[in-house]
There are 2 protein chains.
Amino acid sequence: MAQKPAIPKGTRDFSPIEMAKRNFIFDTIKSVFLKYGYQPIETPAMENLSTLMGKYGEEGDKLLFKILNSGDFLSKVNDQVLTEKNSIKTTTQISEKGLRYDLTVPFARFVVQHQNDITFPFKRYQIQPVWRADRPQKGRYREFYQCDVDVVGSDSLMNEVELIQIVDDVYKSLNINVVVKLNNRKILTGIAEIIGEADKIVDITVAIDKLDKIGLDKVNEELRQKNLSENAIEKLQPIIKLEGTNAEKIHTLKTVLAQSETGLKGVDEVEKVFEYLSTLDVTTEVELDLTLARGLNYYTGAIFEVKALDVQIGSITGGGRYDDLTGIFGLKDVSGVGISFGADRIYDVMNTLDLYPKESIVSTQLLFINFGEKEALYSLKSLQKVRAAGIKAELYPDAAKMKKQMNYANKKEISFVAMAGEDEINAGKITLKNMTTGDQQLVTIEEAIEIIK
Amino acid sequence: MAQKPAIPKGTRDFSPIEMAKRNFIFDTIKSVFLKYGYQPIETPAMENLSTLMGKYGEEGDKLLFKILNSGDFLSKVNDQVLTEKNSIKTTTQISEKGLRYDLTVPFARFVVQHQNDITFPFKRYQIQPVWRADRPQKGRYREFYQCDVDVVGSDSLMNEVELIQIVDDVYKSLNINVVVKLNNRKILTGIAEIIGEADKIVDITVAIDKLDKIGLDKVNEELRQKNLSENAIEKLQPIIKLEGTNAEKIHTLKTVLAQSETGLKGVDEVEKVFEYLSTLDVTTEVELDLTLARGLNYYTGAIFEVKALDVQIGSITGGGRYDDLTGIFGLKDVSGVGISFGADRIYDVMNTLDLYPKESIVSTQLLFINFGEKEALYSLKSLQKVRAAGIKAELYPDAAKMKKQMNYANKKEISFVAMAGEDEINAGKITLKNMTTGDQQLVTIEEAIEIIK
């Protein structure tokens, strides 16, 4: 009996039209990365579980797709573990490899493994799928693409500026209006220092983030519930109410954080980034946002996030500086900074706003109608010239009914159709039909090439 | 303790230089596919095991990478099976998904699943990695790329001709000398018919293939060992000794296969393909080779294989016509024909012969030396103009020692270096150094763009 075909939930097939749209996005991102001197690398889909486990927290470990060992994998499993039906303990005995969960850990592993072959500062980009055994839902897939761009081996703020330029360049090219949110981990550390609640920084940013929705009183109420002292909450008020231009915010922060060396360092970094940006043609709005705290136990300096302005969707790009990414693999003191473009969310935004330029989804430009063997051979010869001129062209393979062939041209949105019957063959020409206007003309192949181009 | 970083055996990392080379191959193949009117699709890395199992034989089932179910996967496993430590039975209870083994089965699944959205004949290409739990060895990887191009829904021989044109076009573009071997399953069936040994066709082709190495007597000896009757071996002699031009071989086959309708149909198909090709600019040698029997229980008409002439390596491209690929998924009578380019073997051939055009591995074209903050900002502004002109350019992010920066330019094989100190800034110019010749000149950014382009 025939199987009803299906794919695993949370995964997707991409049709030619979807591929054209996705390739437009990938090609745009890639060309910007290259323009800024970043070079591609690729890593295997499978990594050793020893590389992946423990890097994404306990929840992350569960979300890793694990590969069953080949052969008689049960033979080496401890009987006791099997009798108990202990899935977690059994996993470590029957699986050694997993699918990559992101591109950051494989990149760190790559840098350490190939450190002697790499020229630092190492500017790399990587565009590959990642896999997460998450519960699938709208906009969340189990296989999705990340587009990461990082520079490691340099702590210059020029890198932060460059990444913002890249964001500006990519989203201008894609025609998506965005705002860049910028924060700095050192500022958050400074805030925690001056209020004496170093371990509460996540609670604090989460509460502050709700100011617009729930108002000042309720934010303070939430901070009390998280066991912040009245004194700490008092000191936090200028931070919670922080508003105005970036310059005004920076001015306030300098006062509030006057007692924190780390905090002031963070403010100084942010100020420098804004100063550098002001001399450049970066028209995308960049906004200092202290509530930005993504990947907190990971980043050590700048924290970035990009939000689309015209679509309700989460962050479409994010990243930051990490001073010790490669430390877990034995290479200390290599500072890096990077961002990741979420290709699948960008795809959703582009689809929602229908932002694809018409020419990005062109496929075949010219179809030769098939009237039979003799005519088909004539067409094949003409096709060689057309293709040599860089035009995407094809011959309908069967001498099917005219209507069927024209229907094929329409469905594939082919712009021109060529017909070559006995008359055309004798004249050494073709009849070229413009499928948009319906106009037909008898032309040589060379003339046809000119018209199509 | 830091982990020593490593990747699973049989998998590879690709460095920027390796990526540039691989992308040259992929881009070349892609551009040819597009020129012939083929469009891309992509399918998920993971397929349901019900889609994959049983499609590649018993050995193939073992070579599938299987994904462990998430969560408490042991809870549902039959106790008896666990007590027995029966790995095979356990697998079906703890794993529902596997990594794709090739692109053909996922393509068949795709065609059936999306049949109502597809315009037939469907010309698609697909370039994605596949995974096999094979024993890794030189040239054999556990993760490797296939580049498949197929047309389904047409039984015209024009498709076979087109695929040979594509082979010719791709390998001319890559500068690899190849020979195309062509066979036809119907001819093999005809041979089996006329000698009355239908089930021995694989043994026969294997034996014939050894003619050059071991000579006629030993080939006949081998056939006897395979229990072919003397009568059958007698009838096989013209086939074993078949030689000469394609036309001569076809002539002989017509006589030998005169009693087999299927056999004659195969000869006719091959003859037509040669006839069509002779009218076209296909300069790659195409040779009728009856020993070609790849994927025999799969193909129903043409069988192709491409061999590189200047490197000892197996087949680098192969394929054929299959009349019932989608039948297993419930869609009958859809004939297709396709070929698969083995990207990793092509990569090995290109590396061995060093066939990459120099411009294919260019990365950054211009590096701005970093002399400090003020100069860096001047350089950043200049960089905007350079990049807007489509030149790949970067600023060294740190004000490191000159030697270190020049060393970076050399290692990255950057062609031009720009220096902008106080004098240049005052003059609104840069000093441009050609890293090949060593020449330096003071120029405006616009002049520099002209020179670099």
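The preceding data block contains the structure.
All of the points below concern the structure found in this document. Just so it is clear, the model here is predicted, and its values are computed rather than measured. (Residues numbered from 1 in each chain as written. Chains lettered and ligands numbered in written order. Predicted model: local features only at pLDDT ≥ 70, side-chain atom pairs only at ≥ 80, totals over all residues. Heavy atoms only, no water.)

**Comments concerning the nonpolar core**
- Counting residues in each nonpolar core, the largest one holds 125 residues, and the members touching the most others are Ile-166, Tyr-171, Ile-176, Phe-341 and Ile-346 of chain A together with Ile-430 of chain B.
- Residue contributions to this core peak at nine residues, all from helix α7 (residues 158–174) of chain A.
- Among the nonpolar cores identified, the runner-up in size contains 100 residues, and Leu-380 and Phe-416 of chain A together with Val-267 and Phe-304 of chain B belong to it. (Core = buried A, V, L, I, M, F, W, Y, C linked by side-chain atoms within 4.5 Å. Buried < 20%, exposed > 50% of the residue type's maximum accessible area, 1.4 Å probe, protein only. Helix = DSSP H or I, 4+ residues; strand = E, 2+ residues; numbered from the N terminus.)

**A closer look at the environment of Ile-187 of chain B**
Residue and element names in this part refer to chain B.
- Following the sequence through the fold, Ile-187 ends up in helix α8 (residues 185–195).
- For Ile-187, a relative accessible area of 0% gives the class buried.
- As a C-alpha pair, Ile-187 and Ile-328 span 141 residues in sequence and 25 Å in three-dimensional space.
- Ile-187 has contacts with Leu-253, Leu-257, Gly-263, Gly-266, Val-267, Val-270 and Leu-290, leaving out every residue within four places of it along the chain. (Contact = heavy atoms within 4.5 Å.)

**Structural notes on the sheet that holds strand β9 (residues 302–308) of chain B**
Residue and element names in this part refer to chain B.
- Strand order in the open sheet formed by eight strands is β1-β5-β6-β11-β10-β9-β7-β8, with mixed pairing between adjacent strands. Of all the strands in the sheet, the pair left with one neighbour each is β1 (39–40) and β8 (285–288).
- Bridge count between strand β10 (residues 317–322) and strand β11 (residues 336–342): six bridges; the pairing is antiparallel. Looking at the pairing, Thr-317 lines up with Phe-341 of β11.
- Helix α13 (residues 261–278) rests against β7 (178–184) and β8 of the sheet, and its axis sits at about 145 degrees to β7. (Pairing = 2+ DSSP bridges. Axes fitted to C-alpha atoms, helices over the stretch in contact; angles between N-to-C directions.)

**So, the sheet that holds strand β13 (residues 393–395) of chain A**
Residues and elements named next belong to chain A.
- Read from one edge of the open sheet, five strands run β13-β12-β14-β15-β16, paired in mixed fashion. What marks the edges here is a single partner per strand, and that holds for β13 and β16 (440–443). Pairwise comparison of adjacent strand axes, ignoring direction, gives a mean angle of 25 degrees for this sheet.
- Alignment of strand β15 (residues 430–434) against β16, held across four bridges, turns out to be antiparallel. Paired with Thr-431 across the bridge in β16 is Leu-442.

**Topic: the relation of the copies chain B and chain A**
- For the pair chain B and chain A, the superposition axis carries a translation of 0.0 Å, the fit reaches an RMSD of 0.1 Å, and the rotation angle comes to 180 degrees. Taken together, the rotation and translation relating the two chain copies correspond to the operation of a two-fold axis. Residues of chain B ranked by C-alpha distance from the rotation axis are headed by Ile-67 of chain B, positioned 2.3 Å from it.
- Residue by residue, 100% of the interface of chain B is reproduced at the interface of chain A, so both copies engage with the same surface. (Least-squares fit on C-alpha atoms with pLDDT ≥ 70 in both.)

**Comments concerning helix α11 (residues 230–240) of chain B**
Residues and elements named next belong to chain B.
- Within the sequence span of α11, burial applies to Ala-232, Ile-233, Leu-236, Gln-237, Ile-239 and Ile-240. One side of α11 carries all its buried residues, which in axial view fall inside an arc of 165 degrees. Along α11, the residues that are exposed and aim more than 90 degrees away from the buried face are Asn-231 and Glu-234.
- On its buried face, α11 sits against α8, α9 (201–208), α10 (211–225) and α12 (246–256). (Arc of directions from axis to C-beta.)

**Overview of α9 of chain B**
All names here are of chain B.
- Restricting attention to buried positions, one finds in α9 the residues Ile-201, Ile-204, Thr-205, Ala-207 and Ile-208. One side of α9 holds all its buried residues, which, seen down the axis, span an arc of 160 degrees.
- Contacts made by the buried residues of α9 are with α8, α10 and α11.

**So, the pattern of salt bridges**
- Inspection of every chain in the model, using the stated rule, returns 50 salt bridges over all chains.
- The partner of Glu-446 of chain A in a salt bridge is Lys-385 of chain A, with the nearest N and O atoms 3.8 Å apart. Placement of Glu-446 of chain A in helix α18 (residues 445–452) and of Lys-385 of chain A in helix α15 (residues 373–388) is noted, with a sequence separation of 61 residues between them.
- Using a relative accessible area of 46% as the deciding quantity, one classes Glu-446 of chain A as partly exposed.
- In this structure, Arg-124 of chain B engages Asp-150 of chain B in a salt bridge whose closest nitrogen and oxygen atoms are separated by 2.8 Å. (Salt bridge = Lys/Arg side-chain N within 4 Å of Asp/Glu carboxyl O.)

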